[in-house]
Amino acid sequence: MSALLSCEEVVIIELPSAQNLITIESWLSSLNETQTVRVSQSTGFSEELQVRPVTNAEVVIQSRLGIILRFSHTNNGIYASNSMFAGEVGQEYRLRISIENEPELRSDWERMEDQVAINNLTLVNSFEENDPDNAGEQFTIFFPKVLRRDPAESENYYRWVFYKDRMKYTEPESITVQDDRLFNGSLIPNDFRAFGYNEEQEIIVELQSITKGAYNFLSLLKEQITSLGTSNGTTPANIMGNISFQSDEVNDLVLGYFGTVAISRDTVIARP
Amino acid sequence: MSPALSKFIFCFLCLFVCNQTFGQASLESKLTFRGEYKLFRVLDSLSKQINIAYSRDKLKNHLIEVKQNATAHSILKDLEENELLRYHIEGNQIILSPYVKKSYSINGVLRDADTGEDIIGAAIQIDGTNNGTFTNGYGYFSITLFEGAYRLKFSHVSYSPQTKEIDLNKNVYLDSKLSSLTTTLEEVEVSTIPGNANIIETIPSTNRIFTSQIDSEIPYLLAEVDITQNALLQAGVKSIGEDASGIYVRGGAVDQNLSLLDEATIYNPNHFYGLISAFNPEAVNDVRILKGFAPPSYGGRGSSVIEVRQKEGNSTETKYSGGIGLVSARGLIEGPLKKGKSSFLVSGRKSILNLSLNDFASTSVQRSRIRFHDLNLKVNSRPDNSNQLYLSGYYGRDRNSVGLNSVRRWGNSILNARWNHIYSPQLFSNISAFVSEYNYRIENDEEPGAFIGRSKIRDLGLKAHFTYTFETSNEVSFGINSIYHYVSPGSHEPLALEANTNIIELGKERGLESALYAGHNFSLGRVYLNYGFRLSMLHNFGPGEVFIYENDQPTADTAIIDTLRFASGELINSFKSLEPRTSLTFVINSATSIKSSYTRNAQYIHLISNTISPAPTDIWKLTSAYIPPLIVDQYTLGLYKNFKNNIWETSLEGYYKTTQNNIQYKNGANLVFNENVETELMIGRARAYGVELYVKKRKGKLKGWIAYTLSRVESKLDSENISAFIVENHDKTHDFSTSWTFKASERVSASANFVYNTGIPTTLPSDKYVFGSSLIPHFTQRNNSRLPDYHRLDLSVRINGKKFKKDGSVRKNRNYWIISVYNVYAKKNVYSYFFRESEANPGIGEIIQYSIFGTAIPGVTYNFKF
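Quick notes on the rules
- Residues numbered from 1 in each chain as written.
- Chains lettered and ligands numbered in written order.
- Predicted model: local features only at pLDDT ≥ 70, side-chain atom pairs only at ≥ 80, totals over all residues.
- Heavy atoms only, no water.
- Helix = DSSP H or I, 4+ residues; strand = E, 2+ residues; numbered from the N terminus.
- Buried < 20%, exposed > 50% of the residue type's maximum accessible area, 1.4 Å probe, protein only.
- Contact = heavy atoms within 4.5 Å.
- Areas by Shrake-Rupley, 256 points an atom, 1.4 Å probe, with all protein chains shown as cover.
- Lys, Arg positive; Asp, Glu negative; His and termini not counted.
- Charge placed at Lys NZ, Arg CZ, Asp CG, Glu CD.
- Phe/Tyr/Trp six-rings, centres within 6.5 Å; stacked < 30°, edge-to-face > 60°.
- Pairing = 2+ DSSP bridges.
- Salt bridge = Lys/Arg side-chain N within 4 Å of Asp/Glu carboxyl O.
- Axes fitted to C-alpha atoms, helices over the stretch in contact; angles between N-to-C directions.
- Arc of directions from axis to C-beta.
- Core = buried A, V, L, I, M, F, W, Y, C linked by side-chain atoms within 4.5 Å.
- Buried area = accessible area lost by both parts, 1.4 Å probe.
- Polar contact = N/O pair within 3.5 Å; in protein donor to acceptor, adjacent residues only side chain to side chain.
- Patch = residues over 30% accessible without salt bridge, like charges linked within 9 Å, V, L, I, M, F, W, Y side chains within 5 Å.

Caption draft 1: Layout of the overall build of chain B. Regarding its fold elements, chain B presents 7 helices and 56 strands. Within chain B, the fraction of its 866 residues that count as buried is 58%. Considering only contacts in chain B between residues 6 or more positions apart, those separated by 24 or more positions represent 65%. When the accessible surface of chain B is summed, it comes to about 34200 Å², and 56% of that surface belongs to carbon and sulfur atoms.

Next up, the structure:
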């Protein structure tokens, strides 16, 4: 069957004209830190230009209790909170953005879900691989295994984030999400065989509790990144976020999401 | 007084005087008058001579001629021969009655002269007329004709035609045999003239694959002969692409095809992602695809009937055949159990490599390996001419390992028992009982949640079908179908006891799908009408639960306001539909006909799948509270014309089809182990229309066909306005395929297929944006563009082994090689586009066109028969 060679080629084809839509990304965390919001504008898919940052927006996060967290533009469309802030579990928040000559943008209210603890972070399933740089030499790869107890009384949605030497681990999966539909209330072992570490690297694992809306949004986003174009993919479509213009006249879609994440963290060094 | 009357009175007096008593002598005494007289006058005069009883009300007073030297007997004989009256002698009385033609039946079975295999779909015509019939799915036929002398012509594209002279004065049972063209000499084939079955066939829109014919043994990928791939070269039958399972008939979705293997439904007729069909060509006798009109005996699916009949097994001698190629090895044994009375067939097939899509498939199926095997079994017995019993079985499995941790297994199993009984020459019945099961199992040992997932659908079916033939081209059929569906949509349980996943068991479904049907098929001169109805029903029974949603709208699981629970055996809900069917054939002359039809089909079982191509792990669901039955109406009109003594067969046919209650899916629908799957569905409608042109050359060294379809299929949601129709994923505007076989010599033949079609719809992004660390394509409208057009040429050569030994005797064993090249000019046909971030220029989106086969693919198989 080796003769059956498939083939992938980069092509240039005519695409529908760009809509240059406002795109927003913000995850308000439960950690006391500088919170961030990214505001940009989409560009034509094949356009040479990367996404266009929006630098002149007024950005605030508001809680149901009336607390207002203000943001200032730093660079490249990233806005940082003017003070350190920790989202409070159980509280509801929303994002409000004003851009010159545009109606105000608001997200839906998002609840900061209950934090779920990481019970145990260990290293497992290490196996030896041939070193591509030194023929004949072998090296060990370590994979994190995390135990956590899922709360039985609630529907829970999770996102996992990994750091390798303090850098976000984005390959091969930039989005790892889970719901508890199939293991509600259990002590869940998670093998992350897609995230390999070399010896002596620092492994940071973040377990983020997210809302059902955020989970659905990220799942669709993930599908759009990984399975498009395959026979087991679905037909691509708009991914609706939770942000919209506060105006009856402007119906433009707003891309992206404002979410809340209650974070548990654990760290280990990759060692046999 | 007229001279004639005076002559008559004179004769009458003479007779009266000469013959006072009745007896043979008086019957044979010569009459002394002659000339033309009214019948009653002659009879009146005869009644003086002999004792005749008749009623003036029942006979017609024709003018008749009394010849010179006629006797009373000869007059009566002439009258009977001229069909004016009948006479018979009872005691000393001659009783006259009106002439009613006596009719008799010719019935019987048509078989292959060498193998004893039933010949399905052969035409039996009364020479010199358009009247005739076809053998049914069991090779049986029945014709009722007035007494007389006839010439019956038996013809079938795969066999040498034969004529039989019959003097019909009583019912006749014929056990006829035809010789296969592949075993007859070339000269015989050249001298035969193909019949015009396609013109007079009253079921329009039928594709037939004659597996016994060389030109239907078209090698496909890797020199394998495959039934599904052959079907795809015909008009009106399409697939999405090379890595996609399932076929689409006239725009209907994959689950709208009723795939029948010897009466039993086969739920997933594919191996190896649809590249290979589940039907082992070695074990198949006949394949018929009904794309438009479906006789009332068929039902349950919206678009088409794909009827596959397995061989019965050679009833004259034991034969072995088989083959081996790069994909699979197969073998078959068939032979008589009791010569001429019963036979068996066993065949098996197994993939010989651990097949892999590794090097050429999309990222999601990488590291995926597939194995498959299947087994066919058939036994049949014919204790006498009135009874035939069959038992057939099929068992097929695929095993697919994905990555290191996940294994999927799926397959169909079928067991089917049938009884054909001939009650009288006019009344034929087929009664069958079957079990059919499709199931899959997924094992995943990766944490979290190492699990085993299972799903299955099992049918227990009973079908009784009767055909009553009044006279030639006047037949009624009626019957009852009943299938008990047991659907276990899914269970999810821990792989091991200590694994930490919940057990999920989706509600099982039990439904009784029944149908009563009747049809009448008759001719009025050159017009043939086939009409009937099918009353179909589905009754869902408990135990089960029905969720009640807010405003009766299953929008989300959070909208559930109540749950109704039903006890075991309790009726949950029921559905019914009246499906009228009609087809009209107007035979203009022996080479031309016009056919039109209307068919309604109701479908009560649905494949729940939102992926581009259905996966083996998709679930089946019965029509239920929130999933209404699919209703498909189809209208067709076609012109059929043959040229040059039926050597060229052509047809041009248009169709228009509407679908109600078409299932669509919400964006990102979660269909796996979902207890409220109805919340992910949206109900809409679809329509499909098109024109199919088919040209076939049926005889000569060069044989083959051209099929062209111009069509469109589109759908919309019920809530949207009419202009919102969007083309479906499998729409191909132009679809052209042609296949030719050239017989260069007795030992060498070559074939070529060429396929061209418009690229299927695809959705292109307008924008890109960054979210997290990913570059995300943004799409505006679904199916806003198309892939580039697809075209491909395949060539193959078949080399037969020597037929004769050195001493001139015929070899007992036959073997042949098939050498093929798929995609000869290495066209990189685009299967799909990927949209991703450029590695060379991060932040920039690039479009990758992906081709499953980017090169020419050679293949070889070796086949034998002895």
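This is not the end of the story, as more comes after the structure.
Caption draft 2: Expanded view of the overall build of chain A. Along its length, chain A carries 1 helix and 20 strands. Expressed along its principal axes, the backbone C-alpha trace of chain A runs to roughly 65 × 50 × 35 Å. When the 272 residues of chain A are sorted by exposure, 48% land in the buried category. The contacts of chain A with a sequence gap of at least 6 include a subset with a gap of at least 24, amounting to 67%. The distance from the centre of the 21 positive side-chain charges to the centre of the 40 negative ones in chain A is 7 Å.

Caption draft 3: Spotlight on the packing of aromatic side chains. All names here are of chain A. Enumeration according to the criterion identifies 36 aromatic pairs over all chains in this entry. Aromatic pair Tyr-169 and Tyr-197: ring centres 5.4 Å apart, planes at 80°, arrangement edge-to-face. Here Tyr-169 is found in the loop between β15 (167-168) and β16 (176-179), whereas its partner Tyr-197 is found in the loop between β17 (187-191) and β18 (202-210), with 28 residues between them in sequence. The same class applies to Tyr-169 as to Tyr-197, namely buried. Each member of the aromatic cluster is reached from another via a ring pair, and the members are Trp-160, Phe-162, Tyr-169, Phe-192, Phe-195 and Tyr-197.

Caption draft 4: Molecular detail of the pairing of strand β37 (residues 571-589) of chain B. Residues and elements named next belong to chain B. The pairing of strand β34 (residues 527-541) with β37 spans 15 bridges and is classified as antiparallel. By the bridge assignment for β37, Arg-534 is matched with Glu-579. Bridging between β37 and strand β38 (residues 592-603) involves 8 bridges; their strand directions are antiparallel. Its bridge partner being in β38, Arg-581 is matched across the sheet by Thr-599. Between β37 and the antiparallel strand that follows it, β38, lie 2 residues.

Caption draft 5: Looking closely at the pattern of salt bridges. Residues and elements named next belong to chain B. Within the structure shown, the criterion is met by 45 salt bridges over all chains. Measuring nitrogen to oxygen at the nearest pair gives 3.3 Å for the salt bridge that ties Asp-175 to Arg-111. Separated by 64 residues along the polypeptide, Asp-175 in strand β12 (residues 172-178) and Arg-111 in strand β6 (residues 103-112) bring together distant segments of the chain. The residue Glu-307 makes a salt bridge to Arg-309 at a minimum N-O spacing of 3.0 Å.

Caption draft 6: The sheet that holds strand β8 (residues 132-134) of chain B, seen in detail. Residues and elements named next belong to chain B. Taken in spatial order, the 4 strands line up as β8-β7-β10-β11 in an open sheet, and their pairing is antiparallel. Each of the sheet's edge strands pairs with one partner strand only, and the pair in question is β8 and β11 (159-168). Each strand of the sheet is rotated relative to its neighbour by a mean of 15°, with strand direction disregarded. Here strand β7 (residues 123-126) pairs with β8 via 3 bridges, running antiparallel. Looking at β8, one finds that Ala-123 is bridged to Phe-134.

Caption draft 7: Main features of helix α4 (residues 72-81) of chain B. Residues and elements named next belong to chain B. Taken together, the buried positions of α4 are occupied by Ala-72, His-73, Ile-75, Leu-76 and Leu-79. All buried residues of α4 lie within an arc of 165° about the axis, which places them on one face of the element. Positive phi appears at Glu-83, one or two residues downstream of α4, with a value of about 60°.

Caption draft 8: Region of interest: the sheet that holds strand β5 (residues 93-98) of chain B. Residues and elements named next belong to chain B. Across the sheet, which stays open at both edges, the 3 strands sit in the order β2-β5-β4 with mixed pairing between neighbours. Strands with a single pairing partner mark the edges of an open sheet, and in this sheet they are β2 (52-53) and β4 (85-90). The pairing of β2 with β5 spans 2 bridges and is classified as parallel. Paired with Ile-52 across the two strands is Ile-94, which belongs to β5. Its contacts with the sheet place α4 against β4 and β5, and it is angled at close to 135° to β4.

Caption draft 9: Summary view of the side chain of Glu117(B). Residues and elements named next belong to chain B. Considering the arrangement of structural elements, one finds Glu-117 in the loop between β6 and β7. The charged side chain of Glu-117 is buried without a salt bridge, its nearest counter-charge being Lys-311 at 6.2 Å. Discounting residues that sit within four places of it in the chain, Glu-117 has contacts with Leu-110, Arg-111, Asp-112, Asn-285, Lys-311, Glu-312, Gly-313, Asn-314 and Glu-334.

Caption draft 10: Representation of unusual backbone geometry. The omega angle of the peptide bond from Gly542(B) to Pro543(B) is 10°, so this bond is cis rather than trans. For Pro543(B), the location among the structural elements is in the loop between β34 and β35 (544-549). Backbone geometry places Asn76(A), a non-glycine residue, at a positive phi of 55°. Here Asn76(A) lies in the loop between β7 (68-75) and β8 (78-85). Phi is positive for Asp262(B), close to 50°, though the residue is something other than glycine. Its relative accessible area of 0% is what places Asp262(B) among the buried residues.

Caption draft 11: Local environment of the nonpolar core. Ranked by size, the top nonpolar core spans 63 residues in total, and within it Leu221(B), Ile608(B) and Tyr833(B) carry the most contacts. Listed in part, the 24 residues of the second largest apolar core include Ile22(A), Leu28(A), Ile99(A) and Phe258(A).

Caption draft 12: The interface of chain B and chain A, seen in detail. Counting residues at the interface gives 78 residues for chain B and 74 residues for chain A. For the pairing of chain B and chain A, the buried interface totals around 6500 Å² over both sides, and the portion due to carbon and sulfur atoms is 58%. Considering only the side of chain B, the residues that lose the most area to chain A are Lys768(B), Phe771(B) and Ile847(B), jointly responsible for 11% of the buried surface there. Connecting chain B to chain A are 15 residue pairs in polar contact (both at pLDDT 80 or more). Every element with two or more residues in the side of chain B that touches chain A is listed here: β25 (355-356), β49 (765-771), β50 (774-779), β54 (832-837) and β55 (845-851) of chain B.

Caption draft 13: Up close: the side chain of Gln201(A). Residue and element names in this part refer to chain A. Examined against the element boundaries, Gln-201 turns out to sit in the loop between β17 and β18. We classify Gln-201 as buried; its relative accessible area is 14%. A polar contact is formed between the side chain of Gln-201 and the backbone nitrogen of Asn-198, at a distance of 2.8 Å.

Caption draft 14: Examining a nonpolar patch on the surface more closely. Residues and elements named next belong to chain B. Among the surface-exposed residues, Phe-586, Ile-594, Leu-637, Leu-639, Leu-652, Val-691, Leu-693 and Leu-710 lie close enough to one another that they form a single nonpolar patch of about 620 Å² accessible area. Looking at the element boundaries, Leu-710 is found in strand β44 (residues 702-717). For Leu-710, a relative accessible area of 36% puts it in the partly exposed group.

Caption draft 15: Summary view of the environment of Asn610(B). The residue Asn610(B) is located in the loop between β39 (605-608) and β40 (619-622) in this model. We classify Asn610(B) as buried; its relative accessible area is 18%. Residues Asn610(B) and Leu681(B), 71 residues apart in the sequence, show an inter-C-alpha distance of 9.6 Å. If near-sequence neighbours (up to four positions away) are discounted, Asn610(B) is found in contact with Gly233(A), Thr234(A), Tyr665(B), Ala669(B) and Leu671(B).

In short, geometric facts, not functional conclusions.
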